[in-house]
Amino acid sequence: MSRRILVLVLLLPGLLFAGACDDGGSGKPAKKADFDAAQTVRQAAQAMGTVQSTAFVMKSEGKTPVTVKGGDLKLLRGGDAEGTLTVEQQGQNIEMKAVALGDSVYLDAGTGGWRKLPKALAATMYDPSAVLDPERGISKLLASVTSPQAQAVETVDGKETNRVAAKLPKAQLAALIPGIDADLDGQLWVNRTDHRLVKVRAAFPQGQGAVVISFTEFDAPYKISAPK
């Protein structure tokens, strides 16, 4: 064995270990999971139950088996919201602007201006008012997860978080991601300082991709009005 090959053989395990410990693309190694997973999830459920507003970003990884592929919304606890949704229609992803206000939802898919619909009708596609609703939204999902397991301490968007693996129940998950018909394996990233949920990832079985939801701008003073 040549000297060069021998050096590579000796270095390879260390290189592989360093890659495996990378912190979610931040460039920093993940820290040891020095926290109680069940307690972390309980604290997150309580913290998210008091949130009055948030920015909500949903993205799909791969070809997911749900109609709503993405979203970028500002949400108020009372149910009002504004932003964009990406929806699959006849095999094509269509981005539309959306405003939920009171009992109405306004949609603009870029083909003819705004359409006003009753919220009850639009909710069959997606209901943004569910996200911060304590009885059916993110806090309810967190309170309902099972089999939480501590994975690592990671930095996400500059925040130190506890990463927890857990089973996400379909009944609560479907309020956030319409079309879910089974419990999914998930990961939760919870801020170690204020215990708010920073990110959740739900993976579909059989390599059907995953959905990632991120939360930022907690309790921002959003003002939402009807489009003109």
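Before any of the text, the structure's been laid out above.
If you're wondering where the values come from, they're calculated on a predicted model, not measured in any experiment.

1. Some points on the overall build of the protein chain
Here's step 1: Check the secondary structure of the protein chain and you find five helices and 11 strands.
Here's step 2: Sorting the 228 residues of the protein chain into buried and exposed places 41% on the buried side.
Here's step 3: Considering only intrachain contacts with a sequence separation of at least 6, the fraction spanning at least 24 residues in the protein chain is 50%.
Here's step 4: Just so you have it, the protein chain exposes about 12300 Å², and 52% of that area is on carbon and sulfur atoms.

2. A look at the packing of aromatic side chains
Here's step 1: Under the defined criterion, the tally for this structure stands at one aromatic pair.
Here's step 2: With a centroid separation of 5.8 Å and 70 degrees between ring planes, the pair formed by Phe 56 and Phe 215 is classed as edge-to-face. In this pair, Phe 56 is assigned in strand S1 (residues 53-61) and Phe 215 in strand S11 (residues 210-216), connecting sequence segments 159 residues apart.
Here's step 3: Given a relative accessible area of 1%, Phe 56 falls into the buried group.

3. Comments concerning the layout of surface pockets
Here's step 1: The computed volume of the largest pocket comes to approximately 230 Å³.
Here's step 2: Along its surface, the largest pocket is lined by 14 residues, and Met 96, Leu 107, Ala 109, Arg 115 and Leu 117 are the ones closest to its centre.
Here's step 3: Listing elements by their share of the lining of the largest pocket, those giving two or more residues are strand S5 (104-108), strand S6 (115-118) and helix H3 (119-122).
Here's step 4: Counted by class, the lining of the largest pocket contains seven nonpolar, five polar and two charged residues.

4. Some thoughts on the sheet that holds S5
Here's step 1: Strand order in the open sheet made by the 11 strands is S6-S5-S4-S3-S2-S1-S11-S10-S9-S8-S7, with antiparallel pairing throughout. This sheet does not close on itself; its edge strands, each paired only once, are S6 and strand S7 (146-156). Taking the axes of each pair of neighbouring strands and ignoring which way they run, one obtains an average angle of 20 degrees across the sheet.
Here's step 2: Where helix H2 (residues 37-48) meets the sheet, it contacts S7, strand S8 (159-168), strand S9 (184-191), strand S10 (197-203) and S11, and its direction lies at approximately 75 degrees from that of S7.

5. A look at the nonpolar core
Here's step 1: If you look at the biggest cluster of nonpolar residues, it comprises 49 residues, and the most contacted ones within it are Phe 56, Leu 142, Ile 177, Leu 197, Ile 213 and Phe 215.
Here's step 2: The greatest single-element share of this core, amounting to five residues, is contributed by H2.
Here's step 3: The contacts of Ile 213, once residues within four sequence positions are left out, are Phe 56, Val 57, Met 58, Leu 176, Ile 177, Val 198, Lys 199 and Val 200.

6. Describing empty space enclosed by the protein
Here's step 1: Taken as a whole and assessed by the stated rule, the structure comprises one cavity of 30 Å³ or more.
Here's step 2: Approximately 80 Å³ is the volume found for the largest cavity.
Here's step 3: Contributing to the lining of the largest cavity are Leu 73, Ala 81, Leu 85, Ala 98, Val 99, Ala 100, Val 105, Leu 107, Ala 122, Met 125, Tyr 126 and Pro 128.
Here's step 4: For the lining of the largest cavity, the elements supplying multiple residues, two or more each, are strand S3 (81-89), strand S4 (92-101) and S5.
Here's step 5: Broken down by element, the residue count for the lining of the largest cavity peaks at three residues, all from S4.
Here's step 6: Counted by class, the lining of the largest cavity contains 12 nonpolar, no polar and no charged residues.

7. A few points about the side chain of Asn 162
Here's step 1: Along the chain, the position of Asn 162 falls in strand S8.
Here's step 2: Judged by its relative accessible area of 7%, Asn 162 is buried.
Here's step 3: Side chain to side chain, Asn 162 and Thr 40 meet in a polar contact 3.4 Å long.
Here's step 4: Excluding its chain neighbours within four sequence positions, the residues that come into contact with Asn 162 are Phe 35, Thr 40, Ala 152, Val 153, Leu 188, Trp 189, Val 190 and Arg 192.

8. Brief notes about the pairing of S4
Here's step 1: Pairing of S3 with S4, which is carried by nine bridges, proceeds in the antiparallel orientation. Of the residues in S4, the one forming a bridge with Glu 82 is Val 99.
Here's step 2: The turn linking S3 back onto S4 is made up of two residues, and Gln 90 within it adopts a positive phi angle of 50 degrees.
Here's step 3: In the sheet, S4 pairs with S5 via five bridges, with the strands oriented antiparallel. The partner of Ala 100 across the bridge, within S5, is Val 105.

Thresholds applied
Residues numbered from 1 in each chain as written. Predicted model: local features only at pLDDT ≥ 70, side-chain atom pairs only at ≥ 80, totals over all residues. Heavy atoms only, no water. Helix = DSSP H or I, 4+ residues; strand = E, 2+ residues; numbered from the N terminus. Buried < 20%, exposed > 50% of the residue type's maximum accessible area, 1.4 Å probe, protein only. Contact = heavy atoms within 4.5 Å. Areas by Shrake-Rupley, 256 points an atom, 1.4 Å probe, with all protein chains shown as cover. Phe/Tyr/Trp six-rings, centres within 6.5 Å; stacked < 30°, edge-to-face > 60°. 1 Å grid on protein atoms, 1.4 Å probe; cavity = no way out; pocket = protein on both sides within 12 Å on 5 of 7 lines; lining within 4 Å. Points joined across faces, edges and corners; volume = space filled by probe spheres on them. Nonpolar A, V, L, I, M, F, W, Y, C, P; charged D, E, K, R; others polar. Pairing = 2+ DSSP bridges. Axes fitted to C-alpha atoms, helices over the stretch in contact; angles between N-to-C directions. Core = buried A, V, L, I, M, F, W, Y, C linked by side-chain atoms within 4.5 Å. Polar contact = N/O pair within 3.5 Å; in protein donor to acceptor, adjacent residues only side chain to side chain.

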